[in-house]
Amino acid sequence: MTITAAPCVEDGRLMVRGKVVLTQVPTNIIVSQGISGSAFLGSASAIPSSRHVFNLGILQGYKLLCLFRFKIWWMIPGYGKSGSDIPLETQMLLLEIKQESAVEDDGSSDSDTENTFYVLFLPVLDGDFRTSLQGTPANELQFCVESGDADVQTSQMLEPVFINSGDNPFELIKNSIKILEKHKGTFRHIENKKIPVHLDWFGWCTWDAFYTDVNPRGIKESLQSFSEGGCSPKFLIIDDGWQDTVNEFRKEGEPLIEGTQFASRLVDIKENSKFKSSESDGGCSDLHEFVNTIKGKFGLKYVYVWHALTGYWGGVLPSSETMKKYNPKIVYPIQSPGNVGNLRDVIPDSLEKYGVGIIDPQKIFDFYNDLHSYLASNGVDGVKVDAQNLIETLGSGFGGRVSLTRQYQQALEQSTSMNFKDNNLICCMSHNSDSIYSSKSSGVARASEDFMPREPTFQTLHVASVAFNSLLLGEIVVPDWDMFHSKHYTAEFHGVARAIGGCAVYVSDKPGNHDFEILRKLVLPDGSILRAKHAGRPTRDCLFKDPVMDGKSLLKIWNLNKLCGVIGVFNCQGAGNWPLKQAIKDMKTTHSAISGNVSPCDVEFIANVAGGNWNGDFAVYAFNSGSLSRLPKNGNIKVSLAILKCETFTISPIRVFGQGVHFAPVGLLDMYNSGGAVEAIDANMNDLSDSRIKIKARGSGRFGVYSSSKPRSCMVDMKEEKFIYSSENGLLTVDLTGDCKFRDIEFIY
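Calculation criteria
- Residues numbered from 1 in each chain as written.
- Predicted model: local features only at pLDDT ≥ 70, side-chain atom pairs only at ≥ 80, totals over all residues.
- Heavy atoms only, no water.
- Pairing = 2+ DSSP bridges.
- Helix = DSSP H or I, 4+ residues; strand = E, 2+ residues; numbered from the N terminus.
- Axes fitted to C-alpha atoms, helices over the stretch in contact; angles between N-to-C directions.
- Phe/Tyr/Trp six-rings, centres within 6.5 Å; stacked < 30°, edge-to-face > 60°.
- Buried < 20%, exposed > 50% of the residue type's maximum accessible area, 1.4 Å probe, protein only.
- Arc of directions from axis to C-beta.
- Contact = heavy atoms within 4.5 Å.

(A) Inspection of the sheet that holds strand β43 (residues 742-748) at higher detail. Judged by pairing direction, the sheet is antiparallel, and its 5 strands sit side by side in the order β36-β37-β43-β39-β40 without closing on themselves. Among the strands making up the open sheet, the edge pair consists of β36 (678-684) and β40 (719-720). In this structure, strand β37 (residues 692-698) lies alongside β43, joined through 7 bridges in antiparallel fashion. Bridge pairing links Lys696 to Asp744 in β43.

(B) Structural detail: the sheet that holds strand β15 (residues 202-205). Judged by pairing direction, the sheet is parallel, and its 8 strands sit side by side in the order β25-β24-β23-β22-β19-β16-β15-β26 without closing on themselves. A single partner strand is all that each edge strand has here, and the edge strands are β25 (478-480) and β26 (505-507). Geometrically, the sheet is characterised by an average inter-axis angle of 25° between neighbouring strands, direction not taken into account. As defined by bridge partners, strand β16 (residues 235-238) adjoins strand β19 (residues 302-308) across 4 bridges and the pair is classed as parallel. Its bridge partner lying in β19, Ile237 is registered against Tyr304.

(C) The arrangement of the packing of aromatic side chains in detail. Taken as a whole, this structure holds 23 aromatic pairs when the rule is applied. Ring geometry for Trp558 and Phe605: centres 6.0 Å apart, planes at 65°, overall edge-to-face. Of this pair, Trp558 sits in strand β28 (residues 555-560) while Phe605 sits in the loop between β30 (594-598) and β31 (614-622); the two residues are 47 residues apart in sequence, bridging distant segments of the chain. Residue classification places Trp558 among the buried residues on the basis of a relative accessible area of 0%. For the ring pair Phe663 and Phe747, a centre distance of 5.6 Å and an interplane angle of 55° mean the geometry is tilted. Residue Phe663 is located in strand β35 (residues 661-668), and its partner Phe747 is located in strand β43; the two are separated by 84 residues in the primary sequence. Judged on exposure class, the residue Phe663 and its partner Phe747 are both buried. An aromatic cluster of three or more residues is present, and its members are Phe202, Trp204, Phe210 and Phe226.

(D) A look at helix α6 (residues 346-354). Among all positions in α6, only Ile347, Pro348, Ser350, Leu351 and Tyr354 are buried. On an axial view of α6, the arc spanned by its buried residues comes to 160°, and they lie on one face. On its buried face, α6 sits against β18 (265-271), β20 (329-331) and β21 (356-358). Phi turns positive, to about 85°, at Gly355, one or two residues after α6.

Spelled out as structure tokens, the structure:
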């Protein structure tokens, strides 16, 4: 029998690489072959409808990971072994398939990957319909297609579900997104987008500091507070609270009617009275003066402001003279069964009653262009655009949710590219496939529900959900991990996650409420950060383990720098439960330290940054303990962590130079992502009397390398510097003092 990689249906079984993935596949399932061993699964119905649910077959016997929307705005991961474990609104499904057998016992080895491959299901957009996956108690895997408009119907869907397989799960997801990018033509892979430059600088957001009470005086006090501590933000997000809005449902002198706050509507594109009164506490006559003042005084490079995709939470006010030219009207959201089948959300539930002032899709570009050109003329550099998924509930009468989303998103992207430099757009609350597969230029999107400083059970969920969501989102955008508080009992936990996340690092501290010791491990003196190359994602051996609720698994997140790898290890157990999941009873290990292993092989694609002189071994530096170890690729280090504790490991390939000098740069030893400070390495070992290894680095502080022998001397920017060398572990350290800039470091042997 010839085994082909391409999925096919034989005798009612969906086969991939000769393995049975689904049984009892209905006869109306259509398989359309794609490229590189991929395919599309579709189906047909006798009756046209705006919403169909089709059975794909029975799924059981394989470890699975899914990403699903637990509420309208956000995805989280789910884990299981059968179709019944797949929730409504699943937007990615990954199966682990062992060639020799089905699901292993929990005690089985994680190291054997040679006979393992992975199958990926991606429900995508097909014309005016979007798709999601779901399971049933009978272990059926189903796909749901819906237009969101009763007048937009179909009886046949040919390409709603994409399926592909591969030996490396990360390559599989990346290659699949690239196939879909070319085939669908409705979105772009992250490699084909311009990345906003604010990502490489430390930032501050006003939200958790002031919420909607944000005002010029508070912003200035916060920036002054950072400045006095020697760690000034270089980008600022003025979040919700700067716009001119009205709540029509609140009468003067009467208490707020709960829910109506979400129906507040935008009155004007200009700033509200807080930001345009010279008598105000902030002392600014308008937004232009305020932005120029804070940029000049506090050294800000970028100022972003917030708005919703519909203008404000409840849209725009149709009776406003400013808004009339955009032909707005009040419409009422219609939530799909998927929206309400997991966790309902108070915002769309409230707007079902109070309505949304939606702008005519033919006028939406005009609205964005007017708004953004006004902001740009006042010194604003970009926007954070929130509540994006609300559009999916407003598609009735507009050609459906996909069509309306695409019109709004294209108008938004066109306007931001015209009015702001460097693609300065942050998307938020946008975790539906409508938005994901319509993203042509948006380079950054929030990757999880908000950081909530006053919710102790949300802290571990936040870190775990971003890491897993980044498996999919990280191929489309740079995942934004959201702000956090530097002075908080989870500050290091969140700080380390962002240091290795390949993302922006920004906080939302109140004035005077900072932990500069934490911030200095994230931010260089010039305000830049050591951002890793990719989206931080779970290591391969963590993909099918629940790091929040199984009571025994640590979460490991990997990334790459220019010349090394980095792994963050987190104990996310015992501090919270996933939404829709019941806590596991009698989980004794949850409240004690949990142990696991870290290995250089946890860093995917590390050979790509190792260079030609790599000997196969690694120098492994543990941040908290300060220990340096030498390991082979498959070696490991044991790590034990209590709840909400973490550790960071820099994994640096050891290169062999000249007459047997084994050498590996580690980086700035007092930064969480130490290796992010290493830019380049070179060696001149021809003259045995004066052999040199050269490193280009950036930043200041203790800089470390692994060296198998002690050099004769060390030069920093052509000036000899003292260094410390440990013959026990080979750690060499030199202090980089002075300005925070690129440094040329030479070690002479």
